[in-house]
Each structure stands twice: as structure tokens, then as C-alpha cells.
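Letter by letter, the chains look like this.
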Amino acid sequence: MLLQAQALCLTLIFVSLLSIVILLDLNRSQSYIATRVQSHPLSSSYFTLDQVSLALEGSWKEDFKTVDDFNEVFEQKLEDCKSRSGHCKKNQNKVVLLAWAHFRNVLTGRIQGENVWCDAMVGYFSIPTLTSQQAHMDAMHSLGYTLLLVQDRPHLYELWRRHHASVQLIIWEDTEWAAKPCLRNSTCVYAPPNLDLPVPPPNSTHLNIPIWKVFIANWWNGSSPPLGGPFTISPEPYHRWPKGNRGGKDNFYTGYSLERTCLKTPFTHHAQRPRQAYVFAKFLKFFVMPGYILEDPQGVAANQLNDDFYANLAKTDNITWLGQFKSEGMPKEPAPHPPPGITQVGRMERPAFQRLIAQSRVLLGIGRPGLSPTPYEALCLGVPFINPIKKWDPKDPENREKWEAQHDGLVFTGVDEPYVYHVKIGDRDGVARAVRKAMETPIGRFIPPHMKMSALIDRMEVLLETDWRPVARVQMEATKYFLDG
């Protein structure tokens with residue numbers, strides 16, 4: 001009995017040390033981007049186009065119209081490789097289940113931020129259609145996993161039963177119609193107190209999905225239950241944001257890259273661009289909501305739709321203002337319209353939208369939407385962004401740690417003029433100065449180093465190849481994880 005107790009004690013010590021090592025290693029992987037950005041000035045080296053991006057010009061989604069089309073290709077390739085007695089390409093026999101709706105939305109061409117993030121992640125998990133040159137680059141740089149899109153929870157359960165022995169990871173969403181009913185249910189997840197091995201296969205009553213293989217995607221600055229930070233993936237490096245504004249500081253930062261798509265849009269030299277400025281807002285209601293960059297001094301929101309700011313600058317500085325705004329949430333009478341001087345353009349798919357942005361000299365943020373990929377796309381196309389600062393400390397207005405901006409990611413990663421102009425809302429003269437300066441100050445393509453394709457691939461490899469079981473053990477204790485049944 002003494003020997004057994006000693007053996008058990010040594011085992012527990014080993015597991016604890018292993019968990020500490022893994023957490024330290026993950027912390028290093030999260031912080032290396034911060035070190036890399038802080039240790040280099042914003043120099044021309046950041047404009048160097050990644051060799052991965054130059055090769056991977058195709059889009060993974062172009063050959064697929066439906067989820068079934070997509071899955072059929074990958075499942076057939078997986079079956080073929082397994083039938084050849086293990087003659088699979090690197091990582092091909094490892095399955096990733098993509099159970100977030102935004103992965104499916106990519107197939108429809110929607111350009112919502114979450115869909116852009118998913119498009120980037122999928123593009124670097126695996127690229128199914130490649131030219132000979134791309135195949136060479138794929139062998140060196142992309143990860144080659146078998147991907148399966150998930151329609152709903154029953155579909156996920158079906159795919160899990162079929163491929164459970166090969167599933168490397170599940171990316172899900174924390175909603176009642178997705179992960180929530182599963183992740184505290186003992187008939188769904190395998191989560192005994194010590195996460196003992198081996199994991200039993202699914203049977204007629206239990207799915208036995210290992211809880212350490214489930215990650216929750218969260219666009220915003222916060223962690224998702226039940227296991228919190230390390231099992232929440234994020235598009236922005238929230239660990240770099242200031243104290244008090246780091247709800248997602250422990251999340252796994254995957255991030256995304258726009259190189260593969262934006263580099264397909266030709267760069268237009270500054271002298272060849274019309275004197276065009278694009279007003280970035282999804283909805284007309286953003287012009288009358290709190291935090292609008294030209295908020296009315298008297299607080300009368302209706303005045304903001306009739307503001308002559310844009311018309312005046314169009315006249316004095318020969319600027320053509322363009323924008324694309326939906327009218328949802330606005331009264332139908334009188335007919336909603338953007339402020340005078342802004343021309344509405346028709347709805348367009350992402351490639352056409354990128355071409356329009358590439359012809360502009362500046363992208364003007366008006367306060368919403370927050371954390372959108374569009375400013376990053378603009379920078380990649382050589383278009384500076386005006387970033388509204390919506391909140392600040394009146395006693396210390398230049399203290400960035402107290403700022404809240406339309407795009408906090410560009411504040412807290414230190415991107416400044418001539419790429420990003422940070423302007424406080426209500427400062428009409430400051431907005432006008434920033435517009436004029438941006439219109440006359442050309443920039444080349446700019447891609448932050450942590451948004452290079454190679455950086456994304458590095459992080460994805462950490463996500464997909466880490467044994468998360470010891471981390472889950474620590475998080476179960478830290479979050480006081482429990483099963484409902």
C-alpha cells in the first residue's frame with residue numbers, strides 16, 4: 001500500500017509539472033507576437049509579402065456550393081488515404097470538425113467579420129485544390145488536415161460517431177443550439193475528474209467527446225464557458241490589451257490573415273487613384289447611434305444625418321465620398337439617407353468590395369462596427385484608416401490604456417500614422433485634418449507581422465498539435481467544472 005501511495009503521489013506530481021510546462025509554453029506562444037511587434041519599428045520590412053501568400057492564391061471555397069459538397073470531397077480523400085494502408089499525406093488522417101455557423105457562411109460569400117476569420121482559418125488548415133506550385137508550398141507551409149463542416153448538433157454527433165478515432169479538434173459556439181447542451185452533459189462529453197485514459201469510444205448511450213478537444217470560437221474580448229480562456233479561440237491578441245480591458249487575456253489567440261484574399265486585388269498607386277474616400281459603416285443607424293465620430297454637440301441624433309461635413313469637404317477638397325449602408329433599424333418615413341455628400345454604392349461581393357477600397361485614398365471609420373477586418377483589408381491594399389476614439393480619460397486624454405476605439409486592435413498593437421489616424425469623436429477639425437493628411441500621404445501595402453500567413457500557420461499548428469488534456473485538467477479545477485447529468 002505504501003508503494004502504491006508513493007507511486008500515485010509521483011504520478012500526481014508529474015502531471016502537475018507537465019501542466020505547468022504546457023501552460024508556460026502556451027504563454028510563450030501567445031506572447032511572442034507582442035515581443036516581435038515591440039522589438040521592431042514599423043518599417044518597410046513589414047511590407048515584404050510572405051512567400052506563403054504568394055503561392056496560395058486560390059480560395060478553398062471556390063469549388064464548393066454546399067456543406068455536403070465540401071464534406072464529400074474531404075471524406076472521400078480521407079477514405080482513399082486510409083484504404084492505402086496508411087499512405088496519407090501529412091495530417092490528412094486527422095479530422096477537424098467545424099461546428100460554428102460562420103464556417104458554413106463562408107460558402108455563401110458573406111463578408112461578416114466572423115466569416116472572414118473562419119475563411120482564413122480554414123484556408124490554412126488545408127487547401128484541397130492546388131496547382132503544382134501551390135502543392136509544393138502546401139507541403140511546406142499548410143497543415144493538411146481533413147476538414148468537415150457541421151450543420152447542427154445532431155450532424156456533429158453523427159460525424160463524431162463516424163470519425164471519433166481521427167478527430168483532432170472541434171471548433172464550436174457557445175449557444176443553446178450548439179455547445180451548451182453538450183459540454184456539461186455526461187452522455188455527451190467525456191470529462192471525469194482526472195480525465196483518465198483511455199477514452200471510451202461512443203456507444204448507444206454516450207458520445208464520449210473528450211472535453212479537451214472542444215474549443216469555443218469567440219469574436220469578442222471575453223472567454224467562453226465551461227473551461228474558459230485556454231479553450232476559447234480569439235481573432236485578436238486580447239492578451240496585449242491594457243489591464244481592465246482584457247476579458248479574453250487567457251484565450252488562445254489564433255488571429256487571421258487577409259493576405260491570400262487582399263493580394264488578389266491589384267495595388268493601385270496613389271497618383272492613379274481618384275480623390276475618393278470610403279465611409280465605413282454597415283448601417284445608416286450607425287450615423288445616429290452613440291459614439292458617432294461627428295456626434296452632434298447638442299446631442300440631437302437627427303442632426304447627424306443632415307450634417308453638411310461631408311458635402312463641405314467634397315466641395316473644398318474635391319473629395320468623392322462613397323459608402324454602402326443598410327437601412328434596417330431606421331424609420332421608413334421619411335426615407336432614410338446618408339448625410340449629404342455621401343454617395344451610396346450597391347451591395348457587392350467581397351472581391352468587388354476590395355477593388356473599390358483599393359481605389360480609395362482613405363477609409364473613414366465612423367464609430368461602428370467594432371473590430372471589423374475591413375480596416376486590416378484597407379491597410380493591406382495601401383489605404384489608411386481613420387480610427388474613432390470613442391472614450392478616453394478627460395484628465396489624461398492621451399493615455400491609450402484608457403481609450404476605447406472603433407478598432408481597439410489597431411490601438412493596442414501600436415499602429416499609427418501614416419497607416420492609422422486615431423481621432424477623438426466630436427473633434428470635427430481633427431477629423432477634417434486626418435482626412436486631408438491621409439488623402440495626400442500615400443502608403444504601400446501594410447500587413448502587421450502577427451497577421452502574416454506564416455504567423456497564422458504557426459499558431460494553428462500549436463492549437464492543433466498540443467495535447468490539451470493537462471490544460472483541461474487545470475481549467476476544470478480553476479473553473480469548478482461540473483456535469484449536470
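One can find the structure itself at the top, above this paragraph.
Everything numeric here is computed off the predicted structure, so don't read it as measured data. (Residues numbered from 1 in each chain as written. Predicted model: local features only at pLDDT ≥ 70, side-chain atom pairs only at ≥ 80, totals over all residues. Heavy atoms only, no water.)

**Some thoughts on the pairing of strand β3 (residues 167–172)**
Each regular strand shows side chains that alternate between the opposite faces of the sheet. Of all six residues making up β3, five are buried, and the element is well covered by its neighbours. Judged from the three bridges that link them, β3 and strand β6 (residues 214–217) form a sheet pairing that is parallel. The residue of β6 that forms the bridge with Trp 172 is Ile 216. (Buried < 20%, exposed > 50% of the residue type's maximum accessible area, 1.4 Å probe, protein only. Helix = DSSP H or I, 4+ residues; strand = E, 2+ residues; numbered from the N terminus. Pairing = 2+ DSSP bridges.)

**Looking at the state of the cysteines**
All told, the structure shown has three disulfides when counted by the stated rule. One disulfide in the model links Cys 81 with Cys 88; its S-S distance is 2.0 Å. Since a negative S-S torsion denotes a left-handed disulfide, the Cys 81-Cys 88 link at about 75° is right-handed. On the basis of relative accessible area, Cys 81 is assigned to the buried category, the value being 0%. Judged by relative accessible area, which is 22%, Cys 88 ranks as partly exposed. Paired through a disulfide, Cys 262 and Cys 380 show a sulfur-sulfur distance of 1.8 Å. Of this pair, Cys 262 sits in helix α9 (residues 259–262) while Cys 380 sits in helix α13 (residues 374–380), and the two are 118 residues apart along the sequence. Each member of the pair, Cys 262 as well as Cys 380, carries the same accessibility label: buried. Taken in sequence order, the bonded cysteines of the chain link in the pattern 1-2, 3-4, 5-6. (Disulfide = S-S within 2.5 Å.)

**Notes on the pattern of salt bridges**
Applying the stated criterion to the full structure yields 16 salt bridges. Here Arg 400 ties to Asp 416 by a salt bridge, and the two come within 2.7 Å at their closest N and O atoms. Of the two residues, Arg 400 is situated in the loop between β13 (385–391) and β14 (404–405) and Asp 416 in the loop between α14 (408–412) and β15 (420–424); the sequence distance between them amounts to 16 residues. According to the relative accessible area criterion, Arg 400 is partly exposed, its value standing at 28%. Residue Asp 416 is classed as partly exposed on the basis of its relative accessible area of 26%. In this structure, Glu 417 and Lys 437 form a salt bridge, with 2.9 Å as the shortest nitrogen-oxygen distance. Of this pair, Glu 417 sits in the loop between α14 and β15 while Lys 437 sits in helix α15 (residues 428–440), placing them 20 residues apart in sequence. The exposure class assigned to Glu 417 is partly exposed, which follows from its relative accessible area of 45%. Judged by relative accessible area, Lys 437 falls into the partly exposed class, the value being 44%. Several salt bridges converge on common partners, so that one network encompasses Asp 119, Arg 260, Arg 350 and Glu 377. (Salt bridge = Lys/Arg side-chain N within 4 Å of Asp/Glu carboxyl O.)

**Focus: the packing of aromatic side chains**
Taken as a whole and assessed by the stated rule, the structure comprises 20 aromatic pairs. Aromatic rings pair up to connect Trp 100, Phe 103, Trp 117, Trp 219, Tyr 256 and Tyr 376 into one cluster. The ring of Phe 482 carries the charged tip of Arg 184 above its face, separated from the ring centre by 4.2 Å. The residue whose ring lies beneath Lys 285 is Phe 283, and the NZ or CZ to ring-centre distance is 5.0 Å. (Phe/Tyr/Trp six-rings, centres within 6.5 Å; stacked < 30°, edge-to-face > 60°. Lys NZ or Arg CZ within 6 Å of the ring centre and 35° of its normal.)

**What about the nonpolar core?**
Ranked by internal contacts, the top residues of the largest apolar core, which has 100 residues, are Leu 97, Phe 103, Ile 170, Trp 172, Ile 209 and Ile 233. Counting residues in each nonpolar core, the second largest holds 32 residues, with Phe 287, Leu 294, Ile 386 and Val 431 among its members. (Core = buried A, V, L, I, M, F, W, Y, C linked by side-chain atoms within 4.5 Å.)

**Overview of the sheet that holds strand β8 (residues 252–253)**
Across the sheet, six strands lie side by side as β2-β1-β3-β6-β7-β8; this open sheet has parallel pairing. The strands lining the two open edges of the sheet, one partner per strand, are β2 (146–149) and β8. Pairing of strand β1 (residues 95–98) with β2 involves four bridges; the strand directions are parallel. Among the inter-strand pairings, Val 96 is bridged to a residue of β2, identified as Leu 147. Against the sheet, helix α3 (residues 67–83) engages β1 and β2, with an angle of about 150° to β2. (Contact = heavy atoms within 4.5 Å. Axes fitted to C-alpha atoms, helices over the stretch in contact; angles between N-to-C directions.)

**A short note on unusual backbone geometry**
Here the residue pair Pro 225 and Pro 226 is connected by a cis peptide bond, since its omega of 5° sits within 30 degrees of zero. Position of Pro 226 relative to the elements: it lies in the loop between β6 and β7 (232–234). Here the bond from Arg 368 into Pro 369 is cis, since omega is 0°, no more than 30 degrees from zero. Residue placement: Pro 369 occurs in the loop between β12 (362–365) and α13. The backbone of Asn 91 shows a phi angle near 70°, a positive value even though the residue is not glycine. Mapped onto the secondary structure, Asn 91 falls in the loop between α3 and β1. If you check the backbone angles, Asn 208 has positive phi at about 60° while not being a glycine. Asn 208 gets classed as buried once you look at its relative accessible area, which sits at 6%.

**Description of the packing of α3 against helix α7 (residues 153–163)**
At a closest axis distance of 14 Å, the pairing of α3 and α7 adopts a crossing angle of 5°. Between α3 and α7, the angle falls in the class roughly parallel. On the side of α3, the interface is formed by Val 67, Asn 71, Glu 75 and Leu 78, while α7 contributes His 155, Leu 159, Arg 162 and His 163. Of the residues that constitute the contact of α3 with α7, the class distribution is three nonpolar, three polar and two charged. (Parallel < 35°, antiparallel > 145°, perpendicular 65-115°, else oblique. Nonpolar A, V, L, I, M, F, W, Y, C, P; charged D, E, K, R; others polar.)

**As for the environment of Glu 75**
With respect to the element layout, Glu 75 can be found in helix α3. Contact partners of Glu 75, with chain neighbours within four places excluded, come to Leu 148, Leu 159, Arg 162 and His 163. At a separation of 3.0 Å, a polar atom in the side chain of Glu 75 contacts the side chain of Arg 162. For Glu 75, the side chain forms a polar contact with the side chain of His 163, separated by 2.5 Å. (Polar contact = N/O pair within 3.5 Å; in protein donor to acceptor, adjacent residues only side chain to side chain.)

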